[in-house]
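# Chain and residue survey
The lines below spell out each chain.
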Amino acid sequence: MQEQLLKLRDEALAQVQEATDLKMVNQVRVSYLGKKGPITEVLRGMGKLSPEERPKIGSLANEVREAIATEIAKKQQQLEQEEVEKKLSAETIDVTLPGRPSRMGNRHPLTAVIEEIEDLFIGMGYTVEEGPEVETDYYNFEALNLPKGHPARDMQDSFYITDEVLMRTHTSPVQARTLEKFKGQGPVKIICPGKVYRRDDDDATHSHQFTQIEGLVVDENIRMSDLKGTLEVFAKKMFGEDREIRLRPSFFPFTEPSVEVDVSCFSCGGDGCNVCKGTGWIEILGAGMVHPNVLEMAGFDSKKYSGFAFGMGPERIAMLKYGIDDIRHFYTNDVRFLNQFKQA
Ligand code: FA5
């Protein structure tokens, strides 16, 4: 029995040595040290031994078991270590390699122009208001002196959702909403940037969805000269100190008098060229003195208060500023176009 145990030990140790992975080591453990293994088998036959032999064989069996278990543990540790080293060498990072440059995005040119205009007016003491893009007929038209059936509603072909709800056709409804919020108490001095929607056919200068920036100032003694001075500052800051503006009579139901504002052509300086179609001037916005009806409907006393309002299209302004020849470039997101506006 002694010989049998020593033979088993040698066999097991040899198998442990030969094992090349943890699975093989585990197999040796199960087959030699498991409950159904040969050592347990030997121990079961100890009953047949003499009482003198029994403790000797018992302690030899324990020694054999321990020797095998120790070798298995050593081999496991060695294989695990090898595994770790293999992984580490496979995953080595060469810190001397040059890094991959990460691609930086940039602000959309339209966003940049809107923010530039916002900053300019905030600098003149205006605050920024917002209004809903899905608007009621009341705020989009009626509160702006455009009752149902008014022919001027046709100037802005609308996307109606129901009879009373539509996609706003301009940012002017924010005028009416803001005036209501002020409950007849001036001064009011706001700008409102936002998206607007019209059933216009898309072409180089028109889009069915575009942006506008509305401006509104209401206080005592606000005059047309305040509007002109404000727009002059705006045009010079936006297009250069040598720019001039020109006011032409126009019509908007919510302003009286109404004007269309032109800026002297940035390309030819006013002599006439392709960009300004030979006139020397380029239209940038609509404006006027707030109609007394609009003030009264929102709860302002039109005898005490007066005001001016303007509405501009940032796309057209960005086109003029950067010489962009088609409004659709803003919406097709061609990176070759967008990358030209990377900030330094
Ligand atoms: C208005 O929308 C008035 N609410 C502006 C206003 C506000 C007048 C306050 C008086 C007082 P108009 O329809 O002209 O006006 O549009 C204003 C600007 O929006 C235009 O000068 C133009 O720059 C831009 N615009 C108009 N239609 C389009 C379009 N389809 N695509 C791109 N820009 C447009």
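Here goes a summary of the coordinates provided.

About the cut-offs
Positions within a chain are numbered from 1, following the residues in the order the chain's sequence is written. Where totals are concerned, whole chains, interfaces and linings use all residues; where local detail is concerned, this predicted model gives features only for residues with pLDDT of at least 70, and gives and counts side-chain atom pairs only at 80 or more. Calculation of side-chain values draws on the structure's entire complement of heavy atoms; hydrogens and water are dropped beforehand. Runs of H or I in DSSP of at least four residues are treated as helices and runs of E of at least two as strands, each being numbered from the N terminus. Using C-alpha atoms as the atom set, the radius of gyration is obtained and then compared with a globule rule of 2.2 Å times the number of residues to the power 0.38. Each residue is assigned to one of three classes by its accessible area relative to the maximum for its type, calculated with a 1.4 Å probe on protein chains only: buried under 20%, partly exposed between the two thresholds, exposed over 50%. The contact criterion used throughout is that any non-hydrogen atoms of two residues lie within 4.5 Å. Computed with a 1.4 Å probe, the accessible areas rest on the Shrake-Rupley method; for each residue, only the protein chains presented here act as cover. In this charge count, Lys and Arg are treated as positive and Asp and Glu as negative; neither His nor the chain ends contribute. Charge placement uses NZ in Lys and CZ in Arg. For Asp and Glu, CG and CD serve respectively. Helix span, expected: 1.5 Å multiplied by one less than the number of residues in the helix. The directions from the helix axis to the C-beta atoms are what the arc is built from. For the purposes of these results, a polar contact is taken to be a pair of N or O atoms within 3.5 Å, where, inside protein, one atom must be able to donate a hydrogen and its partner to accept one; residues adjacent in sequence count only when each atom of the pair is a side-chain atom. Here a residue is considered near a molecule or strand provided that any single heavy atom belonging to it is located within 4 Å of it. The classification used treats Ala, Val, Leu, Ile, Met, Phe, Trp, Tyr, Cys and Pro as nonpolar, Asp, Glu, Lys and Arg as charged, and all other residues, Gly among them, as polar.

It is worth spelling out the overall build of the protein chain at this point. Each helix and strand in the protein chain was counted, giving twelve helices and nine strands. In summary, the protein chain has a C-alpha radius of gyration of 43 Å against a globular reference of 20 Å for 344 residues, an excess of more than 25%. For the protein chain, with 344 residues in total, the buried portion stands at 42%. Of all intrachain contacts in the protein chain linking residues separated by at least 6 positions in sequence, the fraction that spans at least 24 positions is 67%. Summing over all exposed atoms, the protein chain offers an accessible surface of approximately 19,600 Å²; the carbon and sulfur share of this is 51%. For the protein chain, the centre of its 43 positive side-chain charges and the centre of its 55 negative side-chain charges are spaced 7 Å apart.

Right, let's get into helix α2 (residues 22-33). The end-to-end C-alpha distance of α2 is 16 Å, a good match for the 16 Å that twelve residues give at a rise of 1.5 Å each. Within the sequence span of α2, burial applies to V25, V28, Y32 and L33. The arc that holds the buried residues of α2, viewed along the axis, is 85°, so those residues lie on one side. Elements in contact with the buried residues of α2: α1 (2-18), α3 (38-44) and α4 (53-90). The residue sitting at the N-terminus of α2 and contributing the capping side-chain oxygen is D21; that oxygen lies 3.1 Å from the backbone nitrogen of K23.

Before going further, it helps to spend a moment on the site of the ligand. Among the 26 residues in the neighbourhood of the ligand, the closest are listed as H170, S172, R198, D200 and Q212. A distance of 3.0 Å is found between a nitrogen atom of the ligand and a backbone nitrogen or oxygen belonging to S207. Between the ligand and Q212 there is a distance of 3.0 Å, counted from an oxygen atom to a side-chain nitrogen or oxygen. When the ligand sits alone it has 680 Å² of accessible area, and the protein chains cover 94% of it. Those elements that place two or more of their residues in the shell around the ligand are β5 (209-219), β8 (281-290) and β9 (306-312). Sort the elements by how many residues they give to the shell around the ligand and β8 lands first, with five residues. The residue inventory of the shell around the ligand, partitioned by class, reads nine nonpolar, twelve polar and five charged.

This part is about helix α5 (residues 109-122). Each full turn of the α-helix corresponds to 3.6 residues, which orients residues three or four apart in the same direction. Relative to the 20 Å expected for 14 residues at 1.5 Å per residue, α5 spans 20 Å between its end C-alpha atoms, a close match to the ideal helical length. All of the buried residues along α5 are P109, L110, A112, V113, I114, I117, E118, L120 and F121.

Comment: phi is negative for the bulk of residues other than glycine, and the bulk of peptide bonds are trans. Omega for the peptide link from G186 to P187 comes to -5°, which places this bond in the cis form. Of note, P187 is situated in the loop between α7 (173-181) and β4 (188-197). The residue N145 is not glycine, and still its phi comes out positive at about 70°. For N145, the location among the structural elements is in the loop between α6 (137-140) and β3 (165-167). For K183, which is not glycine, the phi dihedral falls at a positive 50°.

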